[in-house]
Amino acid sequence: MPFDTEFIKARQTQLNSLAERLGRTITPEEQQQELAKPICAHCFKLETADDHFETCEDCRCVSYCCSEHKQLCLEKHTASGM
Ligand SMILES: [Zn+2]
Ligand SMILES: [Zn+2]
């Protein structure tokens, strides 16, 4: 599966679980807040309060949960431009 499809899927899962937690449909505002949270571009893990993610120094638009995933994903990321 291509990288972007997996990423979109992870974001959808994230929104679905928030709606499930709230027991209702989320507002566009809540959706925006939720999507602003960093997600690891390698394993699609969500950043938590006690788990600070590293940002790509190049584009600053993707995050990684650990330096290992940063290394693993960086090559693919720079090659695809995502
Ligand atoms: Zn990760
Ligand atoms: Zn980058």
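From a predicted model like this one, the values you see are computed outputs, not experimental measurements. (Residues numbered from 1 in each chain as written. Chains lettered and ligands numbered in written order. Predicted model: local features only at pLDDT ≥ 70, side-chain atom pairs only at ≥ 80, totals over all residues.)

Caption draft 1: Broad picture of the overall build of the protein chain. Secondary structure assignment for the protein chain yields 3 helices and 2 strands. The order of helices and strands in the protein chain, counted from the N terminus, is α-α-β-β-α. Considering only C-alpha atoms, the protein chain reaches an extent of 40 × 30 × 20 Å along its principal axes. Every one of the 82 residues in the protein chain was classed for burial, and the buried ones make up 13%. The contacts of the protein chain with a sequence gap of at least 6 include a subset with a gap of at least 24, amounting to 36%. (Helix = DSSP H or I, 4+ residues; strand = E, 2+ residues; numbered from the N terminus. Buried ≥ 20, exposed ≤ 12 C-beta atoms within 10 Å, placed from the backbone. Contact = placed C-beta atoms within 7 Å.)

Caption draft 2: Helix 3 (residues 67–80), seen in detail. Over its 14 residues, helix 3 extends 20 Å from the first C-alpha to the last, a length consistent with the 20 Å expected when each residue adds 1.5 Å. Maximal helix bending in helix 3 amounts to about 40°, located at C73. (Expected span 1.5 Å × (residues − 1). Bend = angle between axes of the 7 residues up to and from the residue.)

Caption draft 3: Up close: the environment of Q14. Tracing the sequence through the fold places Q14 in helix 1 (residues 3–22). The exposure class of Q14 is partly exposed, given the 17 C-beta atoms found within 10 Å. For the pair Q14 and K45, spaced 31 residues apart in sequence, the C-alpha to C-alpha distance is 9.7 Å. Dropping the residues within four chain positions of it, Q14 is found in contact with E34 and L46.

Caption draft 4: Spotlight on the environment of C40. By secondary structure assignment, the location of C40 is in the loop between helix 2 (28–35) and strand 1 (54–55). On the basis of neighbour counts, which here come to 21 C-beta atoms within 10 Å, the residue C40 falls in the buried class. Along the primary structure C40 and A10 are separated by 30 residues, whereas in three dimensions their C-alpha atoms are 9.9 Å apart. Here C40 is in contact with K45, F53, S63, Y64, C65 and H69, once residues within four sequence places are set aside.

Caption draft 5: Molecular detail of unusual backbone geometry. A positive phi is found at F44, a non-glycine position, where the angle reads about 65°. Following the sequence through the fold, F44 ends up in the loop between helix 2 and strand 1.

Caption draft 6: Representation of the confidence of the model for the protein chain in the model. Within the protein chain, residue pLDDT values average 89, and 94% of them lie at 70 or more. Ranking the helices and strands of the protein chain by mean pLDDT puts helix 2 first, with 95, and helix 3 last, with 86. (pLDDT = per-residue confidence, 0-100.)

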